[in-house]
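Structural description and commentary
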Amino acid sequence: MTWEVIARQDWSVTVETRSAKVLLGVLVSVVLLAGYIYPVAAPEPITTARFSSFAMGGLTMIVPFVGMLLSYGAVVDERESGSILLSLSLPHSRRDVVIGKYLSRTGLVTAATVGSMLGAGALVVYPFGELVLGRFLVFLGLTVLFVVVWSGLGLAVSLAAATRRRALVLGFGLVFLFVIVWEAVVDALTLGLNAAGLVDGELPGAVQFLVGLEPSLVFERATTGFVLPGESVAGPWYLGEWVALLVLVCWAVGPLGLAFLRFDGSDLS
Amino acid sequence: MVAIDADAVSKRYGTETALDRVDLDVEEGETFGFLGPNGAGKSTFINVLLDFVTPSQGTVEIFGHDCQREGVAARDRIGVLPEGYSVFDRLTGRQHIEYAIRSKDADDDPIDVLDRVGIREAADRKATGYSKGMAQRLVLGMALVGDPDLLVLDEPSTGLDPNGAAEMRQILREENERGATIFFSSHILEQVEAVCDRVGILQNGELVAVDTIEGLRQSMGGGTKLVITVDGLQNGTVERIRGVEGVETAVADEDSTIEVTCTNDAKMDVVVELHGAGVDVVNFRTEEASLEDMFIEYTGPRR
């Protein structure tokens, strides 16, 4: 296993790039800003547990962009230029290359997330707030998982596409679909079905589950169920937090696994 | 032990056949030249060796390790100069060599390696600013790291000036003397002739000949080429010569010159045949077939 060599090299090169600095800087700023504003803007009580629902909006907006943009070029750039051939001429397997890249890119965005979340937590606690350590750590863990999902989707795109252009289109397509249009489509669907008289009020549970598979919504359900005090997720068991956690894990490994199989079987030149 | 053992390797892209049942053994310690015109499938074969490409049929082993199923083990003791690579963005020459050293778990000194391939003074410059020839030297340096048992080089002299190509050949000789097996592809004949023990000629994906250079000459009718100047060619003269036993090729060069490759014994028969056809021989000389003639013979359009 030589992924460590790849991971170290990719990390040291990537942190030096301007795009990574900007992306991670934006992520850190958004999280810290949330921690700064929350105690001022939100109603009492100010706790690190209730901070999670406040931070959710910013996180579900910024993490997909940063995770995707930081990872989508990881493999396809080297594949397009041909420098991946130098790595694969050495005694590295394709799996080593992918694991190394994955650890490096995911590690970068995870480190930025954890660091800024801890900073934000401190801003929430001092001077007015209350530290609810257990729930805050659970929230931190879920946020890292959400980050891993999007970083993994970025790498999956990088593995599945043969050119940088296609990876960019595919990656932005995913972010656009999930972050920008998904909710509007779900709302339109609800309105339409209501107008047609097929449903009354909410969507049926099974449909809610399907439209709720989108990573941000799953992340929100899991956070609501695990972290928010005194709240539980209403509805049938499959809309609960444990299923949400499971779905989130599937998002983290599924697309990447499929994309790896495709990459592993394809000719590189 | 066999360094490279290819068994009926084929590669098809759609209906295009890039490699057609290539069988090849490269013995440990030899320098093997893989020769063929552009597009003959040399790079495809090397890409199969390196598992960049999966063969449609057949298997290749390097030192007994299957290149597809045990790719890492197969590449563990080799140094590679692939085709179609580019250097890494943002890394200096020295960092490239260091990367190869860490990847191979070797303990070479990066500066020694760069010195050997002649780009020591560019060690701390970004490799993306290197010329093609310097990049080629750099990647050769990466290949040399860790004293590999086999060097696989795809068109190693690409981008090198004549001096650079000579230095490259010198390094290959040194590596071979150290005990390394060398497998390299080229479409340039002088290089192959200068360093190779054996040569394989690839044409349209088929391995049409594998032999020593001497052996290729032998099989080419004792390496004899006749250049005959006559007083005037008539219709059918060339065809009559082709009909002589022992003649391999006969080509009318200009109005009054015929080039014939044939066995040694057939020389006189050719002249006799010309005489019989009523053609006067004005001049007559023999040449030893060069590798270039053989190359054209094997890979050129069928006569």
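Presented here is an overview of the structure given in this document. (Residues numbered from 1 in each chain as written. Chains lettered and ligands numbered in written order. Predicted model: local features only at pLDDT ≥ 70, side-chain atom pairs only at ≥ 80, totals over all residues. Heavy atoms only, no water.)

1. Focus on the overall build of chain B
In terms of helices and strands, chain B carries 11 helices and 14 strands. Burial statistics for chain B: of 303 residues in total, 52% are counted as buried. In chain B, 68% of the contacts between residues at least 6 apart in sequence involve partners at least 24 apart. Accessible surface, chain B: about 13300 Å² in total, of which carbon and sulfur atoms supply 43%. Separation between the mean location of the 29 positive side-chain charges and that of the 57 negative ones in chain B comes to 6 Å. (Helix = DSSP H or I, 4+ residues; strand = E, 2+ residues; numbered from the N terminus. Buried < 20%, exposed > 50% of the residue type's maximum accessible area, 1.4 Å probe, protein only. Contact = heavy atoms within 4.5 Å. Areas by Shrake-Rupley, 256 points an atom, 1.4 Å probe, with all protein chains shown as cover. Lys, Arg positive; Asp, Glu negative; His and termini not counted. Charge placed at Lys NZ, Arg CZ, Asp CG, Glu CD.)

2. Things to note about the sheet that holds strand E2 (residues 16–27) of chain B
All names here are of chain B. Spatially, four strands are ordered E2-E1-E4-E5 in an open sheet, and the strand pairing comes out antiparallel. Each end of this open sheet is capped by a strand with a single partner; those strands are E2 and strand E5 (65–66). When strand E1 (residues 2–13) meets E2, the two strands line up antiparallel, connected through eight bridges. Within the sheet, the bridge partner assigned to Asp5 lies in E2 and is Asp25. Along the sheet, helix H1 (residues 42–49) contacts E1, E2 and strand E4 (57–62); its crossing angle with E2, the most-contacted strand, is approximately 65 degrees. (Pairing = 2+ DSSP bridges. Axes fitted to C-alpha atoms, helices over the stretch in contact; angles between N-to-C directions.)

3. Side note on the layout of surface pockets
Taken as a whole, the largest pocket spans an internal volume of roughly 720 Å³. Around the largest pocket, the lining is made up of 38 residues, and of these Asp77(A), Glu78(A), Arg105(A), Asp89(B) and Arg90(B) lie nearest the centre. Those elements giving two or more residues to the lining of the largest pocket turn out to be helix H1 (3–14), helix H2 (18–41), helix H3 (51–71), helix H4 (76–81), helix H5 (83–89) and helix H6 (94–125) of chain A together with helix H5 (132–144) of chain B. Element by element, the count of residues in the lining of the largest pocket is highest for H1(A), at five residues. Residues of the lining of the largest pocket, tallied by class, amount to 17 nonpolar, 12 polar and nine charged. (1 Å grid on protein atoms, 1.4 Å probe; cavity = no way out; pocket = protein on both sides within 12 Å on 5 of 7 lines; lining within 4 Å. Points joined across faces, edges and corners; volume = space filled by probe spheres on them. Nonpolar A, V, L, I, M, F, W, Y, C, P; charged D, E, K, R; others polar.)

4. Quick word on a negative patch on the surface
Residue and element names in this part refer to chain B. The grouping of Asp5, Asp7, Asp23, Asp25, Glu27 and Glu28 at the surface amounts to a negative patch. The set of elements that each furnish at least two residues to the negative patch consists of E1 and E2. With three residues, the single largest contributor to the negative patch is E2. Of the residues examined, Asp7 reaches a relative accessible area of 44% and is grouped as partly exposed. (Patch = residues over 30% accessible without salt bridge, like charges linked within 9 Å, V, L, I, M, F, W, Y side chains within 5 Å. Salt bridge = Lys/Arg side-chain N within 4 Å of Asp/Glu carboxyl O.)

5. A look at the nonpolar core
Membership of the largest hydrophobic core comes to 149 residues, with the highest contact counts inside it found for Trp150(A), Leu159(A), Leu24(B), Phe45(B), Leu49(B) and Phe183(B). Counting residues per element, this core draws most heavily on helix H7 (residues 133–160) of chain A, which supplies 16 residues. (Core = buried A, V, L, I, M, F, W, Y, C linked by side-chain atoms within 4.5 Å.)

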